[in-house]
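Notes for the structure review
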Amino acid sequence: MAEINTALIGKEYPPYAVTVERVKIKEFARAIGAASEWGDLIAPPTFAVTFRDETADTGALLRDLGTDISRILHGEQEFELFRPLQPGETYLCRARIVDIYQKTGRSGSMAFVIRETAIADRANEIVATMRHVTIIRL
């Protein structure tokens, strides 16, 4: 059975900044069929999934793990919001690998890589956390 390098647990990727644009919230809300009942634009809870950076994206993770996109599946994803994401605000995202484990099922061996991205405001207060599971067929 192939092994995944569990020494990557705890690896932090370089932080990256994301500025939330009002038009992007509108596009995302329209795509998922969400509308604000408060009369102004509020980012839907899953909007943070649009926060991307080349240094902390799936490509960098796959290079670190020594695998390619043909072997991965999207696992679960969860969002924990402490305050709504505001249009016009810039947030600092910090991604890290929090766990890696392996399981063997009917389809063979798989590795589960759990990443967590903390999203902080200008005062460095965490406003949201994303957790993402990437499944790798070994």
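Heads up: these notes are all about the structure in this document. Remember, it's a predicted structure, so these values are computed and weren't measured experimentally. (Residues numbered from 1 in each chain as written. Predicted model: local features only at pLDDT ≥ 70, side-chain atom pairs only at ≥ 80, totals over all residues. Heavy atoms only, no water.)

Spatially, β1-β3-β4-β5-β2 is the arrangement adopted by the 5 strands of the open sheet, whose pairing is antiparallel. Two strands bound the open sheet, and with one partner strand each, they are β1 (16-19) and β2 (72-81). Each strand of the sheet is rotated relative to its neighbour by a mean of 30 degrees, with strand direction disregarded. Pairing of β1 with strand β3 (residues 90-105) involves 4 bridges; the strand directions are antiparallel. Directly across from Thr19, in β3, lies its bridge partner Thr90. (Pairing = 2+ DSSP bridges. Helix = DSSP H or I, 4+ residues; strand = E, 2+ residues; numbered from the N terminus. Axes fitted to C-alpha atoms, helices over the stretch in contact; angles between N-to-C directions.)

A separate point is the environment of Val113. The topology assignment puts Val113 in strand β4 (residues 108-120). Residues Val113 and Ile135 lie 22 residues apart in sequence; the distance between their C-alpha atoms is 6.4 Å. Once residues lying within four places of it in the same chain are set aside, the contact partners of Val113 are Leu61, Leu65, Ile97, Asp99, Ile100, His132, Val133, Thr134 and Ile136. (Contact = heavy atoms within 4.5 Å.)

A few words on helix α1 (residues 22-32). Restricting attention to buried positions, one finds in α1 the residues Ile25, Phe28 and Ala29. Take α1 and look down its axis: the buried residues cluster within an arc of 100 degrees, on one side only. Among the exposed residues of α1, those oriented more than 90 degrees off its buried face are Arg30 and Ala31. Trailing α1 by a residue or two, Gly33 shows a phi angle of about 75 degrees, which is positive. (Buried < 20%, exposed > 50% of the residue type's maximum accessible area, 1.4 Å probe, protein only. Arc of directions from axis to C-beta.)

Moving on, we come to the packing of aromatic side chains. Describing an aromatic ring pair means giving the distance of the ring centres and the angle of the ring planes. Overall, the coordinates contain 3 aromatic pairs when judged by the stated rule. Seen in terms of ring centroids, Phe28 and Phe47 are 5.5 Å apart; in terms of plane orientation they differ by 85 degrees. Their pairing is edge-to-face. Taken together, the residues span a long stretch of sequence, with Phe28 in helix α1 and Phe47 in the loop between α1 and α2 (58-65) at a distance of 19 residues. Per residue, the accessibility class of Phe28 equals that of Phe47, and both read buried. Relative to Phe112, the ring of Tyr101 has its centre 5.1 Å away and its plane inclined at 5 degrees; by these criteria the two rings are stacked. Of this pair, Tyr101 sits in strand β3 while Phe112 is found in strand β4, placing the two residues 11 residues apart along the sequence. (Phe/Tyr/Trp six-rings, centres within 6.5 Å; stacked < 30°, edge-to-face > 60°.)

So, about the side chain of Glu116. The residue Glu116 is located in strand β4 in this model. A residue is classified by how much of its surface remains accessible, and Glu116, at 19% relative accessible area, is buried. Polar side-chain contacts of Glu116 include one of 2.9 Å to the side chain of Arg131. Leave out the neighbours within four places in its chain, and Glu116 touches Arg94, Ala95, Arg96, Val98, Thr129, Met130 and Arg131. (Polar contact = N/O pair within 3.5 Å; in protein donor to acceptor, adjacent residues only side chain to side chain.)

Read these as spatial facts, not as claims about activity.
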